[in-house]
Amino acid sequence: MENNQTTVVDFILLGFSQNHRVQSLLFFLFLGIYTTTWLGNLTIIITVFFTPVLHTPMYFLLANLAIVDISESSVTSLKMLWDLFSHTHTISYNWCFAQIFFFHLTGGTVVFLLIVMAVDRYIAIYKPLQYLIMKKEICIGLVAGAWLGGFAHSIIQVGILLQLPFCKSNILDNFYCDIPQLIKLACANTYTTELLMVCNSGLLLSLIFFTLLMSYTAILVKIRRHITEGKHKALSTCASQIIVMSLNFVPGMFIYDRPFKVFPADKVISVLYTLLTPMLNSMIFTLRNKEMKITIKKLMRKFYLKKISPLINLRVLKKRGIGLYTTCK
């Protein structure tokens, strides 16, 4: 490194636009998406937790996926919303690497959870008699394993990045810190590093995606040919998981499964990957799942009858009492 080079202490995120009016419009748009993500996934978590009928491996994994979706969305959304609101676009070196770590931790965990969910459906359809092994302890262990897998993936990524020197430009053409943009700012030859990153992210994603796709194809063939009772429910469940899997894998493959060249479409794909997918996951699993929709309606009705209705009746009685008192007076 030359003597006149200085170490980067923070990065500038270009975001979507430098126009304050556009930033304000985007703030309300993305705030709505983030709020919907919270509401949708929180609804799934509460519904599964308070409904004993849904205490099954499939819904347990679904609730954990909802938790990870909230976490993954928060990693990028909170900083982005603050930047759009305050019109500031800087992030410190340490926070940038922390954001990359947590983003790949949650993203990796989602991938491993989707693998576990595919295995769960495979055993339920192909080995129904062995499905009894999917007990609560096993499910907890699988979820913990998914988190450990995400941690291992993330710590490797960050460990490789920390070896690179950053001493020139500090401008990232994105709304959050991520590897493809950051690695281009390094003051070193990054060819080997990029190959390692592509293998650890892109190629691994592609391999898992196509393996799961073949697995779900086999499951769908089995359902169509051999299952009569509950056929529609099984097909709907698998279709939902395939859609969610595609929403999580395909954008990630586009971004990480190639040498890290910046394309104009990268930012749009990043919005889909980091903001829309966590929101759409909850919508797909609730709107396409009849049992979940019925259970949510029952819980809402029960909550209304226990909490809201008595308050409304109390207010009505108070108003009538005041009216009677006034009339007698």
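Residues numbered from 1 in each chain as written. Predicted model: local features only at pLDDT ≥ 70, side-chain atom pairs only at ≥ 80, totals over all residues. Heavy atoms only, no water.

Student: I'm lost on the side chain of S73 in this one. Help?
Tutor: For S73, the location among the structural elements is in helix α2 (residues 57-86). S73 gets classed as buried once you look at its relative accessible area, which sits at 1%. Ignoring anything within four residues of it in the chain, the contact list for S73 reads Y34, T37, T274 and P278. (Helix = DSSP H or I, 4+ residues; strand = E, 2+ residues; numbered from the N terminus. Buried < 20%, exposed > 50% of the residue type's maximum accessible area, 1.4 Å probe, protein only. Contact = heavy atoms within 4.5 Å.)

Student: When you look at the sheet that holds strand β2 (residues 90-92) in this model, what are you seeing that I'm missing?
Tutor: Backbone hydrogen bonds hold the strands of a sheet together, and the pairing may be parallel or antiparallel. One open sheet holds the 3 strands; their spatial order is β2-β1-β3, and the pairing between them is mixed. Looking at strand neighbours, the two that pair on one side only are β2 and β3 (171-172), the edges of this open sheet. Of the strand pairs in this sheet, strand β1 (residues 10-13) and β3 are connected by 2 bridges, and their pairing is parallel. The residue of β3 that forms the bridge with I12 is I171. Packed onto the sheet, helix α3 (residues 93-126) meets β1, β2 and β3 and runs at close to 85° relative to β2. (Pairing = 2+ DSSP bridges. Axes fitted to C-alpha atoms, helices over the stretch in contact; angles between N-to-C directions.)

Student: So what exactly am I meant to see when it comes to the UniProt feature "transmembrane region" (unreviewed entry) in the protein chain here?
Tutor: The UniProt record marks residues 25-51, 97-119, 140-162, 203-223, 235-256 and 268-287 with the feature "transmembrane region" (unreviewed entry), using the residue numbering of this structure. Along residues 268-287 one finds 100% helix and 0% strand; the C-alpha atoms at either end are 25 Å apart. (UniProt positions renumbered as here; feature names shortened; annotations may be inferred.)

Student: Explain the packing of α2 against helix α8 (residues 265-287) here, please?
Tutor: Angle between the axes and distance between the axes are the two parameters that describe a pair of packed helices. Two elements in contact, α2 and α8, have axes whose closest approach is 8 Å; the angle formed by their N-to-C orientations is 155°. Taken together, the axes of α2 and α8 lie roughly antiparallel to each other. Crossing of α2 over α8 shows left-handed handedness. Where α2 abuts α8, its residues L62, L65, D69, E72, S73, T76, S77 and M80 lie against T274, L275, P278, N281 and F285. Here the residues of the contact of α2 with α8 are counted per class, giving 6 nonpolar, 5 polar and 2 charged. (Parallel < 35°, antiparallel > 145°, perpendicular 65-115°, else oblique. Left-handed = near helix turned anticlockwise from the far one by under 90°. Nonpolar A, V, L, I, M, F, W, Y, C, P; charged D, E, K, R; others polar.)

Student: I would appreciate a short explanation of the state of the cysteines in the present structure.
Tutor: Where two cysteines share a covalent bond between their sulfur atoms, that bond is called a disulfide. Throughout the structure, instances matching the rule amount to 2 disulfides. A disulfide bridge connects C96 with C177, and the sulfur atoms are separated by 2.1 Å. One quick way to see it: the torsion about the S-S bond of C96 and C177 is about -120°, and its sign makes the bridge left-handed. Of this pair, C96 sits in helix α3 while C177 sits in the loop between β3 and α5 (179-183); the two residues are 81 residues apart in sequence, bridging distant segments of the chain. (Disulfide = S-S within 2.5 Å.)

Student: Whenever I open this one, the nonpolar core confuses me. Can you help?
Tutor: Among the nonpolar cores identified, the biggest contains 59 residues, and F30, L65, F249 and M292 are the most heavily contacted of them. Of all elements in the fold, only α1 (20-49), α2, α3, α4 (136-161), α6 (191-226), α7 (231-256), α8 and α9 (290-328) reach the threshold of two or more residues within this core. Per-element tally for this core: the top contributor is α2, with 12 residues. When sequence neighbours within four positions are dropped, the list of residues in contact with F249 reads V111, L114, L205, I208, F209 and L212. F166, L172, L182 and I183 belong to the second-largest nonpolar core, a separate cluster that totals 22 residues. (Core = buried A, V, L, I, M, F, W, Y, C linked by side-chain atoms within 4.5 Å.)

Student: Would you explain the environment of I123 in this entry?
Tutor: Positionally, I123 belongs in helix α3. On the basis of relative accessibility, which here comes to 15%, the residue I123 falls in the buried class. Put simply, I123 and I133 are 10 residues apart on the chain and 9.6 Å apart in space, counted from C-alpha to C-alpha. Beyond its immediate stretch of four places on either side in the chain, I123 contacts P128, Q130, Y131 and M134.

Student: Before we go on, may I ask you to explain the pairing of β1 in this structure?
Tutor: Two faces belong to every sheet, and in a regular strand the side chains alternate between them. Residues F11 and L13 line the buried face of β1, whereas the alternating positions D10 and I12 sit on a face that is not buried. Taken together, the 3 bridges between β1 and β2 define a ladder with antiparallel strand orientation. Of the residues in β2, the one forming a bridge with F11 is I91.

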